[in-house]
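Structure at a glance
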Amino acid sequence: MTDPTTPDWDRMADWAESQAPLTDDSAPMLTGEQARQAGRQLLRGRPNVGADHATGAGQSRKRATRLDEQTDAALVARARREHKSVSAVIRDVLRNELAKS
């Protein structure tokens, strides 16, 4: 009998290597060089998006706002559709709108 508090590493490794889908809202699975780069980025932490956009140099300002449910749902749907973070979509939309003025 196995101990229920001990992870079944072999079973988890088999699943991880099977490329089985996660959930409908999961990001695409990365393999090879893409997975290596994504893992390194994750360990480095979030880059600044200041003067040298996403290079880790410069300063990033943090802003907060409230969204109604409909706007938030549309934002999340767009982020999923474009395979971007919600923050990246917000930055893109703001940049485009501010460039018009």
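Please read these numbers as outputs of a predicted model, since none were measured by experiment.

**Quick word on the overall build of the chain**
Helices and strands together make up the secondary structure of the chain, namely four helices and zero strands. Written out in order from the N terminus, the α and β elements of the chain read α-α-α-α. Taken across its 101 residues, the chain has 5% of its residues classed as buried. Once local pairs closer than 6 in sequence are excluded, the contacts in the chain between residues at least 24 apart make up 10%. For the chain, the exposed area adds up to about 9300 Å²; of that, 53% sits on carbon and sulfur atoms.

**Examining the UniProt feature "domain: Ribbon-helix-helix protein CopG" (unreviewed entry) in the chain**
When the UniProt feature table is mapped to this numbering, "domain: Ribbon-helix-helix protein CopG" (unreviewed entry) covers residues 66–100. End-to-end, the C-alpha atoms of residues 66–100 are 23 Å apart, and along that stretch the chain is 83% helix and 0% strand.

**With respect to unusual backbone geometry**
For His 83, which is not glycine, the phi torsion reads 55° and is therefore positive. Relative to the assigned elements, His 83 resides in the loop between α3 (69–82) and α4 (86–100).

Quick notes on the rules
Residues numbered from 1 in each chain as written. Predicted model: local features only at pLDDT ≥ 70, side-chain atom pairs only at ≥ 80, totals over all residues. Heavy atoms only, no water. Helix = DSSP H or I, 4+ residues; strand = E, 2+ residues; numbered from the N terminus. Buried < 20%, exposed > 50% of the residue type's maximum accessible area, 1.4 Å probe, protein only. Contact = heavy atoms within 4.5 Å. Areas by Shrake-Rupley, 256 points an atom, 1.4 Å probe, with all protein chains shown as cover. UniProt positions renumbered as here; feature names shortened; annotations may be inferred.

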